[in-house]
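# Notes for the structure review
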Amino acid sequence: MGLGENVKATQALILMAIAHTGCAAQAEAQSPNLIGRWNVEVTFANGDHRSLRFEAQGAGKGSFLLLDPRLKVWGPAKPSEAKWTQGEGNSRTFSGPVEFPIGNVGRDAGTLVCKGKFETESLITGEVEFSPLVGDGPSKSGTFKAIRVAGG
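Described in the following lines is the structure provided in the data block.

Quick notes on the rules
Residues numbered from 1 in each chain as written. Predicted model: local features only at pLDDT ≥ 70, side-chain atom pairs only at ≥ 80, totals over all residues. Heavy atoms only, no water. Helix = DSSP H or I, 4+ residues; strand = E, 2+ residues; numbered from the N terminus. Contact = heavy atoms within 4.5 Å. Polar contact = N/O pair within 3.5 Å; in protein donor to acceptor, adjacent residues only side chain to side chain. Salt bridge = Lys/Arg side-chain N within 4 Å of Asp/Glu carboxyl O.

## Considering the environment of Ile147
Mapped onto the secondary structure, Ile147 falls in strand β8 (residues 140-148). For the pair Ile147 and Trp38, spaced 109 residues apart in sequence, the C-alpha separation works out to 5.3 Å. Aside from chain neighbours lying at most four places away, what touches Ile147 is Arg37, Trp38, Asn39, Ser122 and Leu123.

What follows is the structure in structure tokens.
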């Protein structure tokens, strides 16, 4: 190989490395980061609305905190442990135990599972299912919208 061929081969390798780096950066940009605080608005098929805060941390960990004015009767809500997983592309699932207040006297305890996709960096929409822990009550399904909390 002459000097000119070596230079051309080196330039080709450099261009391939730059192209590869660009593709890797682009692939990362297409997978939004879930870590942070999210306000989650749930609407069940029966018209029942619930609000909670989801805080996503690293390694698939997180917490739910119920945001409900009816909790004044019970005292401040306590966070419960939640978890999240990354699906294909922009899809994410987060789940954990929650206790929704029922009137002034009861609680509906169960597991909440939110399966959705990033619409933008700060908005996830999808489907939700709540499975009661006690009794033979049916699961409730509906939709949810999660909005990233600014600075969170």
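After presenting the structure, the write-up continues.
## Structural notes on the side chain of Ser91
For Ser91, the location among the structural elements is in strand β5 (residues 91-102). A distance of 2.9 Å separates a polar side-chain atom of Ser91 from the backbone oxygen of Glu88. Residues within four places of Ser91 in sequence aside, it is in contact with Thr85, Gln86, Gly116 and Lys117.

## Points about the pattern of salt bridges
When the charged atoms of two side chains with opposite charge come close together, those side chains can pair. Applying the stated criterion across every chain, the model contains six salt bridges. Between Lys140 and Asp48 there is a salt bridge, with its nearest N and O atoms 3.6 Å apart. Pair noted here: Lys140 is in strand β8 and Asp48 is in the loop between β1 (36-44) and β2 (49-56), with a separation of 92 residues, a long-range link. Shared partners join several salt bridges into a network, and the residues in it are Asp48, Arg50, Asp68, Asp108 and Lys140.

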